[in-house]
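Notes for the structure review
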Amino acid sequence: MIFKGRFRTVRQRDHAVPTPLPRPLLGPEAFLDIRAWRRTGDGSGDDLGQPGPLLLVTSPRKTGRAVQRNRFRRQVRMAFLGLSERIAGRPWIVWVRPARLAPPLDRLTLRDIEGQLALALRRLPPVDTP
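First things first, this report covers the structure right here in the doc. (Residues numbered from 1 in each chain as written. Predicted model: local features only at pLDDT ≥ 70, side-chain atom pairs only at ≥ 80, totals over all residues. Heavy atoms only, no water.)

1. Some details on the overall build of the protein chain
Rules: Under the DSSP-based scheme used, a helix requires at least four consecutive residues in state H or I and a strand at least two consecutive residues in state E, with every element numbered from the N terminus. Buried residues are those whose accessible area, probed at 1.4 Å on protein chains only, stays under 20% of the maximum for their type, while exposed residues exceed 50% and partly exposed ones sit between those limits. By definition in these notes, contact holds between two residues if any of their heavy atoms fall within 4.5 Å.
When helices and strands are counted, the protein chain shows 2 helices and 5 strands. If you list the helices and strands of the protein chain from N to C, you get β-β-β-β-α-β-α. Across the 130 residues of the protein chain, 44% fall into the buried class. Partitioning the intrachain contacts of the protein chain with sequence separation of at least 6 by distance along the chain shows that 75% fall at a separation of at least 24.

2. Looking at the side chain of R35
This is how it is decided: Pairs of N or O atoms are called polar contacts if they sit within 3.5 Å, as long as, within protein, a hydrogen donor faces a hydrogen acceptor (for residues adjacent in sequence, only side-chain-to-side-chain pairs).
Within the fold, R35 resides in strand β3 (residues 32-38). A polar side-chain atom of R35 sits 3.1 Å from a polar atom in the side chain of D33.

3. As for the pattern of salt bridges
Here is the rule we go by: Counted as salt bridges are all cases of a side-chain nitrogen of Lys or Arg within 4 Å of a carboxyl oxygen of Asp or Glu.
Inspection of the entire model under this criterion finds 2 salt bridges. Residue D33 is joined to R35 by a salt bridge in which the shortest nitrogen-to-oxygen separation is 3.1 Å. For the pair D33 and R35, one class covers both residues: buried. The closest approach of N and O atoms between D33 and R97, which form a salt bridge, is 2.8 Å. One end of the pair, D33, is in strand β3; the other, R97, is in strand β5 (residues 92-98), with 64 residues separating them in the sequence.

4. Focus on helix α2 (residues 110-122)
The condition that has to hold: Helix span is expected to be 1.5 Å times the residue number reduced by one.
Spanning 13 residues, α2 covers 18 Å between terminal C-alpha atoms, matching the ideal 18 Å at 1.5 Å per step. On its buried face, α2 sits against β3, α1 (66-83) and β5.

5. Things to note about α1
Taking 1.5 Å per residue, 18 residues should reach 26 Å; α1 reaches 26 Å between its end C-alpha atoms and fits that length. Here α1 has its buried residues at Q68, R69, F72, Q75, V76, A79, F80, L81 and L83.

6. Comments concerning the nonpolar core
As a reminder, the rule being used: The term nonpolar core refers to a set of buried residues drawn from Ala, Val, Leu, Ile, Met, Phe, Trp, Tyr and Cys, joined through side-chain atoms within 4.5 Å.
With 26 residues, the main nonpolar core has I34, F72, V94, V96 and L117 as its most contacted residues. Those elements that place two or more of their residues in this core are β3, β4 (54-57), α1, β5 and α2. Residues in contact with V94, not counting those within four places in the same chain, are I34, R35, A36, L54, L55, L56, F80, I87 and L121. Among the nonpolar cores identified, the runner-up in size contains 5 residues, and W37, L56, I93 and W95 belong to it.

Laid out in structure tokens, this is it:
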């Protein structure tokens, strides 16, 4: 799915989660578990052949009812759209999910999600570092 031509969400066969998992970008006190890794391959991020970030959002059943989980996914996508200028053109897959110590999903606001996502995206290393 292409959003405003800038990025698209991850589809089922777009990626393979690396083993071992990358370390979380935020500490254990965060209520979002955000991890990121570089894409391999040609680096094409969307159907237009432009490189760009991919977003993977998961929320397991134990985090809340379907309505709450869908709202959480929608809010993460909206926050990522607002912050995607920071990592535009960089070949990252960003994985967002509720952390173990997260409050119930109905208590999380878009502002909370934006704050933690912005902090995590600032901690991404530059693409040219090995």
